[in-house]
Amino acid sequence: MSDIIFFGKNMDNNINNRLEVLVKKTYYIYQRFNIHSTFALLYHEEPLSVIELSKYVRISDQFIPLDDNHYFIIFEFTAEKNAYKASQNIIYKLDNHFNANQGTFIALNSLDIHKSPQNILSRLKQIIAQMRRDCCSRVETEDILER
């Protein structure tokens, strides 16, 4: 598998592999048990450590740091509507922790077993870029790309 180009950087092969394994596991759980999950990409202006973010992400969810400012999140057992609310909660908590209210964005992508991890990440990246340009909302789904 080739490296994913992400925000101008090559992702480490280890991160690539972890991302692929988590997405495939999520697809398996959906196919086997019909349990929905939602994929997300969190962008935070300030560098954010795994330990800091783990304080604000639900224990049932998984996340992978992609670089100092980006995290891939899987809202496990969570349909997009509820992942939207969970994302709002994360932003609220990060805003309070950092005493800021503009530097965090979360893009959501509902589960589609036909999308590769690269496609998912690319789509989430597009959503984040659109949100940062428009600055109308800090949590968005793919709908923003169709407006």
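Residues numbered from 1 in each chain as written. Predicted model: local features only at pLDDT ≥ 70, side-chain atom pairs only at ≥ 80, totals over all residues. Heavy atoms only, no water.

Asker: Mind showing me how you'd approach the pairing of strand β3 (residues 38–44) here?
Answerer: In the case of a regular strand, side chains alternate between the two sheet surfaces. With seven of seven residues buried, β3 is to be regarded as a mostly interior element. The two faces of β3 match: Thr-38, Ala-40, Leu-42 and His-44 on one face and Phe-39, Leu-41 and Tyr-43 on the other face are all buried. Of the strand pairs in this sheet, β3 and strand β5 (residues 70–75) are connected by six bridges, and their pairing is antiparallel. Along β5, the bridge assignment pairs Phe-39 with Ile-74. Where β3 lies against strand β6 (residues 104–110), seven bridges are found, and the strand directions are antiparallel. Bridge assignment links Phe-39 to a residue of β6, and that residue is Asn-109. (Buried < 20%, exposed > 50% of the residue type's maximum accessible area, 1.4 Å probe, protein only. Helix = DSSP H or I, 4+ residues; strand = E, 2+ residues; numbered from the N terminus. Pairing = 2+ DSSP bridges.)

Asker: Looking at this structure, I do not really get the packing of helix α1 (residues 13–33) against helix α4 (residues 117–134). What am I missing?
Answerer: In helix packing, the relevant descriptors are the interaxial angle and the interaxial distance, both defined with respect to the helix axes. The interhelical angle for the contact between α1 and α4, taken along N-to-C directions, is 100°, at an axis separation of 9 Å. By the angle between their directions, the pair α1 and α4 is classed as roughly perpendicular. Judged by residue contacts, Leu-19, Glu-20, Val-23 and Tyr-27 of α1 engage Pro-117, Ile-120 and Leu-121 from α4. Partitioning the contact of α1 with α4 into residue classes produces six nonpolar, no polar and one charged. (Axes fitted to C-alpha atoms, helices over the stretch in contact; angles between N-to-C directions. Parallel < 35°, antiparallel > 145°, perpendicular 65-115°, else oblique. Contact = heavy atoms within 4.5 Å. Nonpolar A, V, L, I, M, F, W, Y, C, P; charged D, E, K, R; others polar.)

Asker: Sorry if this is basic, but what is going on with unusual backbone geometry here?
Answerer: Most peptide bonds are trans, and most residues other than glycine sit at a negative phi. In this structure, Asn-34 takes a positive phi of about 55° despite not being glycine. Within the fold, Asn-34 resides in the loop between α1 and β3. Judged by its relative accessible area of 53%, Asn-34 falls in the exposed class. Phi is positive for Phe-77, close to 60°, though the residue is something other than glycine. Structurally, the position occupied by Phe-77 is in the loop between β5 and α3 (80–98).

Asker: I keep staring at the environment of Ile-74 and nothing clicks. Help me out?
Answerer: Of note, Ile-74 is situated in strand β5. Between the C-alpha atoms of Ile-74 and Leu-22, which are 52 residues apart in sequence, the distance is 8.3 Å. Those residues in contact with Ile-74, other than ones at most four positions away along the chain, are Leu-22, Val-23, Thr-26, Ser-37, Thr-38, Phe-39, Asp-61 and Gln-62.

Asker: Sorry if this is basic, but what is going on with the packing of aromatic side chains here?
Answerer: Any aromatic ring pair is given by two values, namely how distant the centres are and how the planes are angled relative to each other. Per the counting criterion, the structure on display carries four aromatic pairs. An angle of 80° between the planes, with centres 6.1 Å apart, marks the rings of Tyr-27 and Phe-39 as edge-to-face. One end of the pair, Tyr-27, is in helix α1; the other, Phe-39, is in strand β3, with twelve residues separating them in the sequence. Given the relative accessible area of 9%, Tyr-27 is considered buried. Judged by its relative accessible area of 1%, Phe-39 is buried. Taken together, the aromatic side chains of Tyr-27, Phe-39 and Phe-72 make up a single cluster linked through ring pairs. (Phe/Tyr/Trp six-rings, centres within 6.5 Å; stacked < 30°, edge-to-face > 60°.)

Asker: In this structure, what is going on with the nonpolar core? I would like to understand it.
Answerer: Nonpolar side chains in soluble globular proteins tend to end up buried together. Phe-39, Phe-72 and Leu-124 are the most contacted members of the largest nonpolar core, which has 22 residues in total. At the level of secondary structure, the elements contributing two or more residues to this core comprise α1, β3, β5, β6 and α4. It is α4 that contributes the most residues to this core, six residues altogether. Aside from chain neighbours lying at most four places away, what touches Phe-39 is Val-23, Thr-26, Tyr-27, Phe-72, Ile-73, Ile-74, Ala-107, Leu-108, Asn-109, Leu-111, Ile-120 and Leu-124. (Core = buried A, V, L, I, M, F, W, Y, C linked by side-chain atoms within 4.5 Å.)

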